[in-house]
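In case you want the letters, here they are:
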Amino acid sequence: MTRLLDGFRGLPAETEWLDFKEAKQSFDIDELGKYLSALANEANLHEQDGGWLVFGVKDKRDAASGLRPVVGSSYKASAAALNELKLLMAQGTSPSITFNRIF
């Protein structure tokens, strides 16, 4: 998975199905729903397996390394908080969508 993340961090630009957010401690729940829906739709249109919203990474690349810096995120860091968010997303979308935590 680290190789996948590093590959994403090195792309020249975000894509319709990939977006980076620092989200160090919080992220607006309504915005999260909009992002998940949009990324899922765009991934489908671009024949990707899924969309990616990556928290804890800056969206601007570092000039020296060419990679987007990892800044970390404590947003919904506990398993209980993350599961609560997944349930909320599934209940608030139609058709029901949710997400996976990869890293």
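In this report, the structure presented in the accompanying data block is examined. (Residues numbered from 1 in each chain as written. Predicted model: local features only at pLDDT ≥ 70, side-chain atom pairs only at ≥ 80, totals over all residues. Heavy atoms only, no water.)

**A closer look at the side chain of Lys-21**
Heads up, the rule is: Secondary structure elements follow DSSP: runs of H or I no shorter than four residues count as helices, runs of E no shorter than two count as strands, and numbering proceeds from the N terminus. What qualifies as a polar contact is a pair of N or O atoms within 3.5 Å, subject to a donor-acceptor requirement within protein and to the restriction that residues adjacent in sequence count only when both atoms come from side chains. Contact between two residues is taken to exist if any of their heavy atoms lie within 4.5 Å; hydrogens are not considered.
Inspection of the secondary structure puts Lys-21 in strand β1 (residues 18-21). Of the polar contacts made by the side chain of Lys-21, one reaches the side chain of Tyr-35; its length is 2.8 Å. Among all residues touching Lys-21, those that are not within four sequence positions of it are Phe-27, Tyr-35, Leu-53, Val-54, Phe-55, Gly-56 and Val-57.

**Focus: helix α2 (residues 29-45)**
Under the convention used in this document: Between the first and last residue of a helix there are one fewer steps than residues, each counted as 1.5 Å, and that sum is the expected span. Accessible area is worked out with a 1.4 Å probe on protein chains only. A residue is then buried under 20% of its type maximum, exposed over 50%, and partly exposed in between. Each C-beta atom gives one direction from the helix axis, and the arc is the one those directions make.
If you check α2, its first and last C-alpha atoms are 24 Å apart, about what 17 residues at 1.5 Å a residue would give, namely 24 Å. Buried residues of α2: Leu-32, Gly-33, Leu-36, Leu-39 and Ala-43, and no others. For α2, the angular spread of buried residues about the axis comes to 140 degrees, placing them on one side. Counted as exposed and oriented over 90 degrees from the buried face of α2: Asp-30, Lys-34 and Leu-45. Where α2 is buried, its residues touch β1, β2 (52-55) and α3 (79-92). Positive phi shows up at Glu-47, right after α2, with a value of about 55 degrees.

**Considering the layout of surface pockets**
To keep it simple, the criterion reads: Lining residues are defined by having an atom within 4 Å of a point belonging to a cavity or pocket. Those points lie on a 1 Å grid over the protein atoms alone, cavities being sets where a 1.4 Å probe fits but cannot get out and pockets being open sets with protein on both sides within 12 Å along at least five of seven lines. Grid points are joined across faces, edges and corners, and a volume is the space filled by probe spheres set on the points. Residue polarity is assigned by list, with Asp, Glu, Lys and Arg as charged and Ala, Val, Leu, Ile, Met, Phe, Trp, Tyr, Cys and Pro as nonpolar; anything else, Gly included, falls into the polar class.
Approximately 1000 Å³ is the volume attributed to the largest pocket. Surrounding the largest pocket, 32 residues form its lining, Leu-53, Phe-99, Asn-100, Arg-101 and Ile-102 being those nearest its centre. Mapped onto the lining of the largest pocket, the elements with two or more residues apiece are α1 (2-9), α2, β2 and α3. Here the residues of the lining of the largest pocket sort into 21 nonpolar, eight polar and three charged.

**Concerning the side chain of Asp-19**
Among the structural elements, Asp-19 can be located in strand β1. Setting aside anything within four residues of it in sequence, one finds Asp-19 in contact with Glu-14, Tyr-35, Leu-39, Trp-52, Leu-53 and Val-54.

**Concerning α1**
Among the residues of α1, Leu-5, Phe-8 and Arg-9 are the ones counted as buried. Across the axial projection of α1, the buried residues extend over an arc of 100 degrees, all falling on one side. Buried-residue contacts for α1 involve β1 and β2.

**Quick word on the pairing of β2**
The test is simple: Two strands are counted as paired when DSSP detects at least two bridges linking them. Look down the strands so they point away from you; if going from the first strand over the helix to the second traces a clockwise path, that crossover is right-handed.
Bridge count between β1 and β2: four bridges; the pairing is parallel. Counterpart to Asp-19 in the pairing with β2 is Leu-53. Remark: the β1/α2/β2 crossover connection has right-handed handedness.

**Overview of unusual backbone geometry**
Positive phi, normally seen in glycine, also occurs at Ala-23, with a value near 40 degrees. Here Ala-23 shows up in the loop between β1 and α2. Residue classification places Ala-23 among the buried positions, given a relative accessible area of 10%.

The analysis is restricted to geometry; functional conclusions fall outside its scope.
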